Amino acid sequence: MANEGEYRQAVGPRWVTLVLGGARSGKTRRALDLASPFARKVYVATAEPHDEEMQARIARHLAERGSSWMTIEAPLELANVLADAHNTEIFVVDCLTLWLSNLMHAGRDIEAETQKLLTALETCAAHVVLVSNEVGLGIVPDNALARAFRDAQGRLNQEIARVADVVEFVAAGLPLRLKG
């Protein structure tokens, strides 16, 4: 199911899609492809440019998306962005993994923020594609912080998958439909 018309037939007039995968798996490319048929699309960036490499990465990704995209930076206030859809047809949120990391770093209540996000997804008037890393396929991390992050990411992915109309797992650039 590669285009917007097929999605509309499959899941109705408004849909939420979760695209999971590992690092450099092609999950962001897949999310952008799903959104490409829409005219009024918003890329919601959760990354923060803390170093030169990340600044260059963000600039490169912005240039690759081109002028047909509006970009909103939301390292922490993701639910607020989705609640304010205005004339947006589709949001691509990239990514939940960095959003969660930002929340943990800021000392936010992860469960409360997850609930705010779930509520925003239920009420958002636009389509939403969320990108997230699947971090539970590797070995058990060797320290408490890394284990806490892995566990929180797994719980977040499960909660989003529960409310999503479509869930895909991407490996080597190939999407595998898990739900919808």
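Please read all numbers here as calculations on a predicted model, not as lab measurements.

A count of helices and strands for the chain gives seven helices and seven strands. Order of helices (α) and strands (β) in the chain, N terminus to C terminus: α-β-α-β-α-β-α-β-α-α-β-α-β-β. Compactness check: the chain gives a C-alpha radius of gyration of 15 Å against a globular reference of 16 Å for 180 residues, within 12% of the reference. Principal-axis analysis of the C-alpha atoms gives the chain an extent of 45 × 35 × 35 Å. Burial analysis of the chain (180 residues in total) assigns 42% to the buried set. Restricting to contacts in the chain with at least 6 residues of sequence separation, those with at least 24 account for 74%. With an accessible surface of roughly 9300 Å², the chain has 54% of that area assigned to carbon and sulfur atoms. For the chain, the distance from the average site of its 19 positive side-chain charges to the average site of its 23 negative ones is 4 Å.

Another point: the pairing of strand β4 (residues 90–94). Counting buried positions over the five residues of β4 gives five, a clear majority of the element. The side-chain alternation of β4 yields two buried faces, one formed by I90, V92 and D94 and the other by F91 and V93. The pairing of strand β2 (residues 41–45) with β4 spans five bridges and is parallel. Pairing of K41 across the sheet is with I90, part of β4. Sheet analysis places β4 next to strand β5 (residues 127–133), joined by five bridges and oriented parallel. By the bridge assignment for β5, V92 is matched with V129.

To continue, consider the sheet that holds strand β1 (residues 16–21). Read across the sheet, seven strands follow the order β3-β2-β4-β5-β1-β6-β7 without closing on themselves; strand pairing throughout is mixed. What marks the edges here is a single partner per strand, and that holds for β3 (69–73) and β7 (174–179). For this sheet, the mean inter-axis angle between neighbouring strands, taken without regard to orientation, is 20 degrees. Here five bridges tie β2 to β3, and the two strands are oriented parallel to one another. Note on β3: the bridge partner recorded for A45 is E73.

Take the nonpolar core next. Across soluble globular proteins, nonpolar side chains have a tendency to be buried as a group. In terms of nonpolar packing, the biggest core is built from 31 residues, with L82, F91, L96, V128, L130 and I160 touching the most fellow members. Residues within four places of V128 in sequence aside, it is in contact with W15, V16, T17, L82, F91, V93 and L121. Judged by nonpolar contacts, the second largest core, of 16 residues, contains V19, L32, C95 and V131.

Below, the discussion takes up the packing of aromatic side chains. Across all of its chains, the model carries two aromatic pairs by this definition. For the pair Y43 and W69, a centre-to-centre distance of 6.4 Å together with 85 degrees between the ring planes defines the contact as edge-to-face. Of this pair, Y43 sits in strand β2 while W69 sits in strand β3, placing them 26 residues apart in sequence. Note on accessibility: Y43 and W69 belong to one class, buried. Positioned above the aromatic ring of W69, the side-chain terminus of K41 is 5.5 Å from the ring centre.

Analysis parameters
- Residues numbered from 1 in each chain as written.
- Predicted model: local features only at pLDDT ≥ 70, side-chain atom pairs only at ≥ 80, totals over all residues.
- Heavy atoms only, no water.
- Helix = DSSP H or I, 4+ residues; strand = E, 2+ residues; numbered from the N terminus.
- Rg over C-alpha atoms; globule rule 2.2 N^0.38 Å.
- Buried < 20%, exposed > 50% of the residue type's maximum accessible area, 1.4 Å probe, protein only.
- Contact = heavy atoms within 4.5 Å.
- Areas by Shrake-Rupley, 256 points an atom, 1.4 Å probe, with all protein chains shown as cover.
- Lys, Arg positive; Asp, Glu negative; His and termini not counted.
- Charge placed at Lys NZ, Arg CZ, Asp CG, Glu CD.
- Pairing = 2+ DSSP bridges.
- Axes fitted to C-alpha atoms, helices over the stretch in contact; angles between N-to-C directions.
- Core = buried A, V, L, I, M, F, W, Y, C linked by side-chain atoms within 4.5 Å.
- Phe/Tyr/Trp six-rings, centres within 6.5 Å; stacked < 30°, edge-to-face > 60°.
- Lys NZ or Arg CZ within 6 Å of the ring centre and 35° of its normal.

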